[in-house]
Structure formats: structure tokens, C-alpha cells
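# Tertiary structure, described
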Amino acid sequence: MSKVKISVTFMLLAVTFCVCLIVSNLMEIKTVDLGPLTITAGVVVFPISYILNDCIVEVYGFGKARLVIWLGFGMNLLVSLLLQLGIWLPGAASWQGQEAMEVVFGAVPRIFAASFIAFLCGSMVNAYVMSRMKVASGGRRFSLRAIVSSLWGEGVDSVIFFPIAFGGILAWNEIGMLIVTQTFLKTFYEVLILPVTMRVVKMLRDHEGGDVTDNDNTSYKWWRINEI
């Protein structure tokens, strides 16, 4: 990988992105009734990763956003493997929580597999749409770009995640409801917090001395993490 200067601020954004992603995946095993709707507990945290994705694309460009997305995947994989190691290790004679641990964390491999594919596709689509719209608009209309890119990203994520994660466990009509409701709830969440996102982007621009606008020469190949 080529040597590229990484600021402390960018590093903190990347760490926060990874933490939110990991926590949301662990919370996804729980479904919650929200009035007439059924959602997963991860909906509380997961949209934050898309908000951070928008901020990173806007200020640092698609290449660094792609790097952070792959970093999030790698950290998710590490957490999943370590959790399985914890389940596999023989417990002490006084340990009474093995069954509960297996119930809660034993589902992580399937959730992770679904989350990996969905997260990778959804996040890349979100970053791509955000970047291309910024190029097309000459850097204007951030609010519109943030909403449209999130709707695309969340939609792709949900369409992939729920059938893989809950197929054979939940009824298909319930899975369909989860796809629709979570796509719009997560996007609505991001619309509500948009003023905060805009403020954060402005602070990042001021702190970093400007932002990066991708161009027609930008590589949008999702696997090229060395092009940042």
C-alpha cells in the first residue's frame, strides 16, 4: 500500500465507524416491537455508520471511505472469531452461563455472514452514490446527496441482510416487512440527524483545511484498498 498521510481525526472517525458496526451486528440478533412494526435492535446504532460514511466520503474522498469499509469488515471478522473462541474454550466448574453465551453469540457467524455481504454492498453503494453525486453537483447539495445515498445504501443492505440472516427462522412476510421498515426507518433516522451531520462535516472541513472532491479518474473498484 502506498504511503498516505492519515490524520488523527480520520483515524478517530474510522475507529468510531468500526465500533458502531460491530455493536450493531451484535445487537441484530434481537427483534423489537415498535408499535405495529418489528425492527432489530441494531437499528439504533447501525445508521451512525452510514452517517460517518457520508462524512468520510464528503471530506476525505471515496478511496479513504473504501479503506474504512474494509477495515470495518476486518474488525468484524476478528470479533466474530474471538467470540467463537470464547464459546469453544472449556468453562470453569463454577461457570453457569455457557448455554446463554451460545444462544447469544452462537448466532453471530450467520449474522456476520449476512452482515458482511450486506454491509460491504450497502456501504460501497452509499459511498459510490455520495461521491458520484458530489462530482455531478460540483460539491453542492450535501443534504440531498446524503439522503439519496443513504436510501440506496440502506436499501441494498436490507435486501441482502434479512433473507440471509433470518431465512428459515422468520416468516417471509415478516422478513419483507423488516426490509421495508428498516430501510425507511434508518433513512428517516439519518434525515432527522442531518443537521448534526452537516455540522460535523463543516467542522471536519475547517479542521482538515478543506475537503476532497473525487473526479472522473477516481477508481471506484471496491476491492482496491491500496488506492486511497
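Below or above, wherever it landed, is the structure these notes cover. All of these numbers come straight from a predicted model, not from anything done at the bench.

Cut-offs applied
- Residue positions within a chain follow its written sequence, with the count starting from 1.
- Selection of residues for local features in this predicted model requires a pLDDT of at least 70, selection of side-chain atom pairs for listing and counting requires 80 or more, and totals for whole chains, interfaces and linings are taken over all residues.
- Just so you know, side-chain values use all the structure's heavy atoms and leave hydrogens and water out.
- Within this scheme a cavity is a closed region of a 1 Å grid, computed over the protein atoms alone, that accommodates a 1.4 Å probe without allowing it to escape, whereas a pocket is open but has protein on both sides within 12 Å along at least five of seven lines; lining residues each have an atom within 4 Å of a point.
- Grid points are joined across faces, edges and corners, and a volume is the space filled by probe spheres set on the points.
- Secondary structure counts use DSSP, requiring at least four H or I residues in a row for a helix and at least two E residues in a row for a strand, with both numbered from the N terminus.
- Only Asp, Glu, Lys and Arg are considered charged, only Ala, Val, Leu, Ile, Met, Phe, Trp, Tyr, Cys and Pro nonpolar, and every remaining residue, Gly among them, polar.
- For Phe, Tyr and Trp, rings pair up if their centres lie within 6.5 Å, where Trp contributes its six-membered ring, and each pair is then called stacked (planes under 30 degrees apart), edge-to-face (over 60) or tilted (otherwise).
- A simple rule labels every residue: compare its accessible area, found with a 1.4 Å probe on the protein chains alone, to the largest value its type can have, and call it buried under 20%, exposed over 50%, or partly exposed in between.
- The criterion for a charge sitting over a ring is simple: Lys NZ or Arg CZ within 6 Å of the ring centre, and within 35 degrees of the ring normal.

## Notes on empty space enclosed by the protein
Under the defined criterion, the tally for this structure stands at three cavities of 30 Å³ or more. The computed volume of the largest cavity comes to approximately 80 Å³. Counting residues per element, the ones that place at least two in the lining of the largest cavity are helix H5 (108-137), helix H6 (142-166) and helix H7 (172-192). The class makeup of the residues in the lining of the largest cavity is five nonpolar, three polar and three charged.

## Thoughts on the packing of aromatic side chains
Working definition: an aromatic ring pair is given by the centre-to-centre distance plus the angle between the planes. The full count for this structure, using the stated rule, is six aromatic pairs. Taking the centre distance of 6.0 Å and the plane angle of 45 degrees together, the rings of Phe17 and Phe119 count as tilted. Here Phe17 is found in helix H1 (residues 8-27), whereas its partner Phe119 is found in helix H5, with 102 residues between them in sequence. Per residue, the accessibility class of Phe17 equals that of Phe119, and both read buried. Ring pairing ties together the aromatic residues Phe161, Phe162 and Phe166, which thus form one cluster. One Lys or Arg, Lys64, reaches over the ring of Phe10 and ends 5.4 Å from the middle of that ring.

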